[in-house]
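# Descriptive structure summary
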Protein chains: 2
Amino acid sequence: MTGPPTARPTRSAADREALLAANARFYAAIERGDLDDLAALWKEGEDTSCVHPGTGQLRGTGVILRAWALVMAQLSYVQFVLTDVRVDCHADMAVVTCTENVLHAGHDVPVQSFKGARATATNVFVRAAGDAPAGSSPWQLVVHHASPVLDSWEPDAGEDG
Amino acid sequence: MTGPPTARPTRSAADREALLAANARFYAAIERGDLDDLAALWKEGEDTSCVHPGTGQLRGTGVILRAWALVMAQLSYVQFVLTDVRVDCHADMAVVTCTENVLHAGHDVPVQSFKGARATATNVFVRAAGDAPAGSSPWQLVVHHASPVLDSWEPDAGEDG
């Protein structure tokens, strides 16, 4: 069991801040229904993937953004409260994991019927190339995988084995 | 909308083969209940994460392997048939996505009661450093995120939006 390799410069506090900002911007874009900002966050291309709770893989940024447009069109209100956010940097790639505490409602739902849900998300970002378009994030999303968390799940269950 | 950047050498056929092999080795290790081989596949350290269907994030390879040991101890039989496997290479990182068609049974379950389930998985690998221990994979797992797929999910739903 050797120690970790020498820390790389990418693991800087500035990178962590930029990654947390990119992750927050992702959820804020969904809350606002801002497809343009969502598109600016995702890496353009076919080598991206997205899973919503209960779905299989959506692949390619065009397909992924069309699916987000459908999701956002069906919601009159959505709010994410992120907890347990963690950033893991690996050279020019980073993984942001978090719990999505979601409050949402559809268009024909009275405000009293807002629903809460808990999901866990794995968001993988790659460092944008030097020639990234203006307005795009310095870290671009290549994977979003969100899945439901059972009410019976206890965070420490895996740590007591 | 500019085209993709110039292909990097990591996107070689050899890398794809090695990644498919690492991904297959991961599921084969679970099927055999081979915790040592599973440990050789995961990157050592705290910067790894794992989600099983219905769970939140398990973080750090020690915690992740203990959870796998518990899962494997509870199963008398498990078989994965992987379909829809795709490899996306990003420099020294790669994402393998696939559908896990799982056949499994617990210890006190007669063979007639084997259960089938369908999950979708996102497996993120990083290229091992040059000094990786003997027997370890040239691509090491840093993320496994598996989640249940609803029976009503249609693969093309997101592509017709």
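Everything below is about the structure printed above this text.
In this report, we go over the structure that sits alongside the text. (Residues numbered from 1 in each chain as written. Chains lettered and ligands numbered in written order. Predicted model: local features only at pLDDT ≥ 70, side-chain atom pairs only at ≥ 80, totals over all residues. Heavy atoms only, no water.)

## Things to note about the overall build of chain A
Formally: Strands are runs of DSSP state E lasting at least two residues, helices are runs of H or I lasting at least four, and both sets are numbered from the N terminus onward. A 1.4 Å probe rolled over the protein chains alone gives each residue an accessible area, and that area as a share of the maximum for its type sets the label: buried under 20%, exposed over 50%, partly exposed in between. Note on contacts: a residue pair is in contact if any heavy atoms of the two residues lie within 4.5 Å.
Each helix and strand counted, chain A has three helices and six strands in total. Each helix and strand of chain A, ordered N terminal to C terminal, gives the series α-α-β-β-α-β-β-β-β. Residues classed as buried in chain A amount to 47% of the 161 residues present. In chain A, the proportion of contacts linking residues at least 24 apart, taken out of those at least 6 apart, comes to 57%.

## Digging into the sheet that holds strand β3 (residues 75–90) of chain B
Remark on secondary structure: sheet strands pair via backbone hydrogen bonds, oriented parallel or antiparallel. All names here are of chain B. So the rule is basically this: Two strands qualify as a pair provided DSSP detects at least 2 bridges between them. With axes taken as lines fitted to C-alpha atoms, and helix axes fitted only over the stretch in contact, angles between N-to-C directions fall between 0 and 180 degrees.
The mixed open sheet is built from six strands, whose spatial order is β2-β1-β6-β5-β4-β3. The open sheet has two edge strands with one neighbour each: β2 (58–59) and β3. Here nine bridges tie strand β5 (residues 115–127) to strand β6 (residues 139–148), and the two strands are oriented antiparallel to one another. In the strand pairing of β6, V124 is matched with V143. Packing of helix α1 (residues 13–32) onto the sheet brings it into contact with β3, β4 (93–106), β5 and β6, and relative to β3 it is tilted by some 165°. Of the strands in this sheet, β1 (49–51), β2, β3, β4 and β6 are in contact with helix α3 (residues 61–74), which crosses β3 at around 140°.

## Remarks on the sheet that holds strand β3 (residues 75–90) of chain A
All names here are of chain A. The sheet built from six strands is open, its strands ordered β2-β1-β6-β5-β4-β3 with mixed pairing. At either margin of the open sheet sits one strand with a lone partner, and together these are β2 (58–59) and β3. Of the strands in this sheet, β1 (49–51), β2, β3, β4 (93–106) and β6 (139–148) touch helix α3 (residues 61–74), which is tilted by about 140° from β3.

## Structural notes on the environment of Y77(B)
All names here are of chain B. What counts, and what does not: Polar contacts, as counted here, are pairs of nitrogen or oxygen atoms within 3.5 Å of one another; within protein the pair requires one atom able to donate a hydrogen and one able to accept it, and residues that are adjacent in sequence qualify only if both atoms are side-chain atoms.
Relative to the assigned elements, Y77 resides in strand β3. Look at Y77 and you get partly exposed, because its relative accessible area is 33%. Beyond its immediate chain neighbours, meaning those up to four positions away, Y77 contacts L103, H104, A105 and F114. Side-chain polar atoms of Y77 contact the side chain of Q79, separated by 2.9 Å.

## Concerning the pairing of β5(B)
When β4(B) meets β5(B), the two strands line up antiparallel, connected through 12 bridges. Bridge pairing links T97(B) to T122(B) in β5(B).

## Section: the pairing of β6(B)
Residue and element names in this part refer to chain B. Here β6 lies mainly inside the structure; nine of its 10 residues are buried. Examined bridge by bridge, β1 and β6 share three bridges and lie parallel to one another. Looking at the pairing, C50 lines up with H144 of β6.

## A few points about unusual backbone geometry
For residues besides glycine, phi is generally negative; the peptide bonds are generally trans as well. For D84(A), which is not a glycine, the phi torsion comes out positive at approximately 60°. On the secondary structure map, D84(A) appears in strand β3.

## Overview of the relation of the copies chain A and chain B
Using the following cut-off: In superposing the copies, a least-squares fit is computed on C-alpha atoms, taking residues whose pLDDT is at least 70 in both.
Least-squares fitting of chain A to chain B yields an RMSD of 0.0 Å, with the transformation described by 0.0 Å of translation along the axis and a rotation of 180°. What the rotation and shift describe, once combined, is the action of a two-fold rotation axis. Across chain A, the rotation axis passes nearest the C-alpha of S147(A), at a separation of 2.9 Å. The overlap is high: 100% of the interface residues of chain A also sit at the interface in chain B, so the same surface is used on both sides.

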